[in-house]
Amino acid sequence: MTATSVPAPPPGVPGHLGRTALVTGAASGIGAACALRLAAAGAHVRALDRDAAGLDGLVRRAPDLPGTIEAVVLDLTDLDAAEQAAAGADILVNNAGIQLVRPVEDFPPAAFHTMLTIMLEAPFRLIRGALPHMYERGWGRVVNISSVHGLRASAYKSAYVTAKHGLEGLSKTVALEGASHGVTSNCVSPGYVRTPLVEKQLADQAAAHALPVEDVLADVLLRDTALKRLVEPEEVAEAVAYLCAPYSSFVTGTTLVMDGGWTAH
């Protein structure tokens, strides 16, 4: 058997020095953690979000990192602009997402459409915009922040579950098409992460059930999770960094599940 060498950076040199990474939903939560982690590895990060103030705060957190962070203010419902923003990216992290919890019969069709636009159609357009550069370079990393809800359903989250299931399929398709071009595509699928989106869910559920937030966390959100805690954004960012690293080049078309044992049932 002939061994194939895997390129690695010289000792002491950050793994993504000179790479350009695009991270969506980067103003807070998982996206901010991913932007900081990739900049710490030496990448030039385009941090994309519609929250200009949040992006300014992110940039101020990264003055001394080996890489850089550039704020890109953009609403992902502008699909043409999203595709253009991805041009020239070596690494693409599709993270942006929103949530609405309603029974199917009460779910506003406009909200369903918006959620699928942001969480499924926009990732498609971003990938479409990034792939030509990746193919030309013979190297690329697409990491899609999915969810345990890309693997399992929950009641009252029809749009979110639909979008994440679709994102898992899109990711696998890109993996098959990109393999011969040196491009990998994977999902990271966490359980509930300590983000503003989840904290709002906790508050809403606590008000709806007249329960303390701690009880909602243990008995509602983490009911099916063996590890009774939230995932930290930095843990997700480490998984993303692994999937973008030189030694993950044979990992593609799969899902790195970080669900604390939820899907072990």
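Since this is a predicted model, take the numbers as computed values, not measurements.

Novice: Explain the packing of aromatic side chains to me, using residue names and the numbers behind them.
Specialist: A complete count under the given rule lists 2 aromatic pairs for this structure. Judged by centre distance (6.0 Å) and plane angle (85 degrees), the rings of Phe107 and Phe112 are edge-to-face. Residue class for Phe107 comes out buried when judged on its relative accessible area of 8%. Each ring, one from Tyr192 and one from Trp262, has its centre 5.8 Å from the other, and the planes form 25 degrees; the classification is stacked. With Tyr192 in the loop between strand E6 (183-190) and helix H6 (196-209) and Trp262 in the segment after strand E7 (255-258), the pair connects residues that are 70 residues apart, well separated along the chain. Taking the relative accessible area as the measure of exposure, Trp262 reaches 10% and is therefore buried. When the ring centre of Trp139 is taken as origin, the NZ or CZ atom of Arg19, which lies over that ring, is 3.7 Å away.

Novice: Account for the side chain of Ser171, with residues named and values stated.
Specialist: Here Ser171 lies in helix H5 (residues 158-178). When its relative accessible area of 2% is taken as the criterion, Ser171 is described as buried. At 3.2 Å, the side chain of Ser171 forms a polar contact with the side chain of Asn144. Here Asn186 takes part through its backbone nitrogen, which lies 3.5 Å from a polar atom of the side chain of Ser171.

Novice: With reference to specific residues and values, describe the side chain of Asn95.
Specialist: Among the secondary structure elements, Asn95 is positioned in the loop between strand E4 (91-94) and helix H4 (109-137). A polar side-chain atom of Asn95 sits 3.1 Å from the main-chain carbonyl oxygen of Gly25.

Novice: Give me the nonpolar core: which residues, what numbers.
Specialist: Counting residues in hydrophobic clusters, the biggest one holds 34 residues, and the most contacted among them are Val45, Leu58, Ile69, Val93 and Val188. Those elements that provide at least two residues to this core are strand E1 (20-24), helix H1 (29-40), strand E2 (44-49), helix H2 (52-60), E4, strand E5 (140-145) and helix H8 (233-243). Considering each element in turn, this core owes the most residues, 8 residues, to H1. Membership of the second largest hydrophobic core comes to 32 residues, among which are Ala86, Ile127, Val142 and Ala163.

Novice: Can you explain the packing of H4 against H5? Please cite residues and give values.
Specialist: H5 packs onto H4 with a crossing angle of 15 degrees between their chain directions and a minimal axis gap of 8 Å. Here H5 runs roughly parallel to H4, going by the angle between their axes. Here H4 runs over H5; the crossing is right-handed. Contacts between H4 and H5 involve Phe112, Met115, Leu116, Met119, Leu120, Pro123, Phe124, Ile127 and Tyr135 from the former and Ser158, Ala159, Tyr160, Thr162, Ala163, Lys164, Gly166, Leu167, Leu170, Val174, Glu177 and Gly178 from the latter. A per-class count over the contact of H4 with H5 returns 15 nonpolar, 4 polar and 2 charged.

Novice: Before we move on, can you summarise the packing of H6 against helix H7 (residues 213-221) with the specific residues and values?
Specialist: The geometry of H6 relative to H7 is characterised by a closest axis approach of 9 Å and an angle of 100 degrees between their N-to-C directions. Considering the angle they form, H6 stands roughly perpendicular to H7. The residues of H7 that touch H6, namely those facing Val198, Leu202, Gln205 and Ala206, are Val213, Val216, Leu217, Val220 and Leu221.

Novice: Tell me about the sheet that holds E1, and please be specific about residues and values.
Specialist: Backbone hydrogen bonds hold the strands of a sheet together, and the pairing may be parallel or antiparallel. Pairing in this open sheet of 7 strands is parallel, and the strands run E3-E2-E1-E4-E5-E6-E7 from one edge to the other. Two strands in the sheet have a free side with no partner beyond their single neighbour: strand E3 (68-73) and E7. Averaged over neighbouring strand pairs, the angle between their axes works out to 15 degrees when direction is ignored. Across 4 bridges, E4 lies against E5 in parallel orientation. Paired with Val93 across the strands is Val143, a residue of E5. The sheet contacts of H4 involve E1, E4, E5 and E6, and relative to E4 the element is tilted by about 170 degrees. Against the sheet, H5 contacts E5, E6 and E7, and its axis sits at roughly 160 degrees relative to E6.

Thresholds, definitions, all that
Residues numbered from 1 in each chain as written. Predicted model: local features only at pLDDT ≥ 70, side-chain atom pairs only at ≥ 80, totals over all residues. Heavy atoms only, no water. Phe/Tyr/Trp six-rings, centres within 6.5 Å; stacked < 30°, edge-to-face > 60°. Buried < 20%, exposed > 50% of the residue type's maximum accessible area, 1.4 Å probe, protein only. Helix = DSSP H or I, 4+ residues; strand = E, 2+ residues; numbered from the N terminus. Lys NZ or Arg CZ within 6 Å of the ring centre and 35° of its normal. Polar contact = N/O pair within 3.5 Å; in protein donor to acceptor, adjacent residues only side chain to side chain. Core = buried A, V, L, I, M, F, W, Y, C linked by side-chain atoms within 4.5 Å. Axes fitted to C-alpha atoms, helices over the stretch in contact; angles between N-to-C directions. Parallel < 35°, antiparallel > 145°, perpendicular 65-115°, else oblique. Left-handed = near helix turned anticlockwise from the far one by under 90°. Contact = heavy atoms within 4.5 Å. Nonpolar A, V, L, I, M, F, W, Y, C, P; charged D, E, K, R; others polar. Pairing = 2+ DSSP bridges.

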